[in-house]
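Chains, contacts and geometry: an overview
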Amino acid sequence: MNAGVLLAPEDVNRSTWQGSTTLRWFAEYEGWSDDGERAATESLPLGVHGQPILDIGVGAGRTTPLLRALSTDYRAIDFAPAMVDLCHRKYPDVDVRHGDARDLSQFSNNSMGLVAFSWNGIDAVGDTDRAAIFGEVFRVLRPGGVFFFSTHNKLGPGHRETPWHFGLRDLKHPKSTARRLASLPLDVRNRRRLRPLNHDAGEWSMMNAGAHHFGIVIHYTTLLHAVAEVETAGFQPEPEVYASSNGRRLAVDDETSDVWWFHLLAVKAALRCDP
Ligand SMILES: C[S@@+](CC[C@H](N)C(=O)[O-])C[C@H]1O[C@@H](n2cnc3c(N)ncnc32)[C@H](O)[C@@H]1O
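Residues numbered from 1 in each chain as written. Predicted model: local features only at pLDDT ≥ 70, side-chain atom pairs only at ≥ 80, totals over all residues. Heavy atoms only, no water.

Here we look at the overall build of the protein
Scanning the protein from terminus to terminus reveals 10 helices and 10 strands. In terms of C-alpha radius of gyration, the protein reaches 18 Å, essentially the compact-globule figure of 19 Å for 275 residues. When its C-alpha atoms are laid out on the principal axes, the protein stretches across 65 × 45 × 40 Å. In the protein, buried positions account for 50% of the 275 residues. Taking the intrachain contacts of the protein between residues at least 6 apart in sequence as the baseline, contacts between residues at least 24 apart amount to 65%. Side-chain charges of the protein comprise 29 positive and 34 negative groups, with the mean position of each set lying 7 Å from the other. (Helix = DSSP H or I, 4+ residues; strand = E, 2+ residues; numbered from the N terminus. Rg over C-alpha atoms; globule rule 2.2 N^0.38 Å. Buried < 20%, exposed > 50% of the residue type's maximum accessible area, 1.4 Å probe, protein only. Contact = heavy atoms within 4.5 Å. Lys, Arg positive; Asp, Glu negative; His and termini not counted. Charge placed at Lys NZ, Arg CZ, Asp CG, Glu CD.)

Below is the structure:
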């Protein structure tokens, strides 16, 4: 990338996610991302089972077998062409296409029972585009349908990570410490390059994050703000929320400093059948 021309966060993130090491990492990862993802999946209403599923930001297809266990009526999109190729190679029988969550016009109104956007994929875009995503997901969901997504906690351990702060994970084993030390120059270079994209708006922020050698700039939100976002988009009040750290159910005013990210189940209200 030309150091003088800074891209928008989503372009930085897409470019990083399409790097060969990152693609390999995603291709090899299988199973739940964390306890919160498992707990939220197990809490999905029975009504979504067997319904059409749209898996946004599918990446290399980690969630494909997890979601196809709920319904075989499954399709997926991703805005990174290299991810679409990977997923297609891994699951040739799946309808996986290039597509951007901000514009779901290839899908009809009220057509999906479940829309998933896992592992904080929604955090790749800025605040205004994020509102567009909530609007598009709401439009394509059927009444009673669920938007299942995760998003980074602004009050959690990940916000304002720095290359020179070593966590327990890095210090657990001499090999992990050596790996962190070896990548320090790259981490610091990326952090400097992307610093101009950092922006703190109080309840939410866009911040350079430690993943992929400080190669991404992502959205963080307080839990209170995340809940307000889904309610503003028209979803039912009080979405269910689960903590990534241990899968516990969270109330909006809970202490969340140990929670890296939240998993939310936002429901589009079912139609009322008045007598
Ligand atoms: C952190 S990865 C997670 C991949 C996969 N969901 C998983 O859990 O393994 C985020 C994915 O979301 C995709 N993504 C981010 N923003 C997107 C958007 N606006 N529309 C479609 N895909 C998007 C990225 O290309 C990337 O593959």
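Following the structure, the description resumes.
Topic: the site of the ligand
By nearness alone, 18 residues border the ligand, and G57, R62, D78, A101 and S118 come closest of all. Here a nitrogen atom of the ligand and a side-chain polar atom of S118 are 2.8 Å apart. Across the shell around the ligand, the residue classes tally to 10 nonpolar, five polar and three charged. (Near = heavy atom within 4 Å. Polar contact = N/O pair within 3.5 Å; in protein donor to acceptor, adjacent residues only side chain to side chain. Nonpolar A, V, L, I, M, F, W, Y, C, P; charged D, E, K, R; others polar.)

Quick look at the pairing of strand β2 (residues 74-78)
Side-chain positions along a regular strand alternate between the two faces of the sheet. Counting buried residues in β2 gives five out of five residues, a clear majority hidden from the surface. Of the two faces of β2, the one carrying Y74, A76 and D78 and the one carrying R75 and I77 are both buried. Inspection of the sheet shows strand β1 (residues 53-56) paired to β2 by four bridges, in the parallel sense. Within the sheet, the bridge partner assigned to I53 lies in β2 and is Y74. You can see the chain leave β1, run along helix α4 (residues 63-68) and come back into β2, and the turn it takes is right-handed. (Pairing = 2+ DSSP bridges. Right-handed = clockwise from strand over helix to strand, strands pointing away.)

Examining unusual backbone geometry
Trans peptide bonds make up most of the peptide bonds, and negative phi angles are found at most residues other than glycine. Phi at N120 is positive, roughly 65°, even though this residue is not glycine. With respect to the secondary-structure elements, N120 resides in the loop between β4 (112-117) and α6 (127-140). Note on N120: relative accessible area 5%, which makes it buried. Positive phi values are uncommon outside glycine, yet H213 reaches one of about 55°. Its place among the elements puts H213 in helix α9 (residues 211-214).

A few points about the packing of α6 against helix α10 (residues 223-232)
The relative placement of two packed helices comes down to the angle between their axes together with the axis-to-axis distance. Relative to each other, α6 and α10 sit at 50°, their axes nearing to 9 Å. Compared by their axis directions, α6 and α10 come out oblique. Facing D127, R130 and F134 of α6, the residues of α10 in contact are H225, E229 and V230. Each residue belonging to the contact of α6 with α10 can be placed in one class, and the counts come to two nonpolar, one polar and three charged. (Axes fitted to C-alpha atoms, helices over the stretch in contact; angles between N-to-C directions. Parallel < 35°, antiparallel > 145°, perpendicular 65-115°, else oblique.)

A closer look at the pattern of salt bridges
All chains considered together, the criterion is met by 16 salt bridges. Linking R62 and E37 is a salt bridge whose minimum nitrogen-to-oxygen distance equals 2.8 Å. In this pair, R62 is assigned in the loop between β1 and α4 and E37 in helix α3 (residues 35-42), connecting sequence segments 25 residues apart. When the shortest N-O distance is used, the salt bridge between R102 and D100 registers 2.7 Å. (Salt bridge = Lys/Arg side-chain N within 4 Å of Asp/Glu carboxyl O.)

Overview of the nonpolar core
I56, V115, V137 and F147 are the most contacted members of the largest nonpolar core, which totals 30 residues. Those elements that place two or more of their residues in this core are β1, β4, α6, β5 (141-153), α10, β9 (240-243) and β10 (261-267). For V115, the contacting residues outside a window of four places in its chain are L54, I56, V137, V140, L141, V146, F147 and F148. Counting residues in each nonpolar core, the second largest holds 21 residues, with A40, C87, L114 and A116 among its members. (Core = buried A, V, L, I, M, F, W, Y, C linked by side-chain atoms within 4.5 Å.)

Keep in mind these numbers describe shape, not what the thing actually does.
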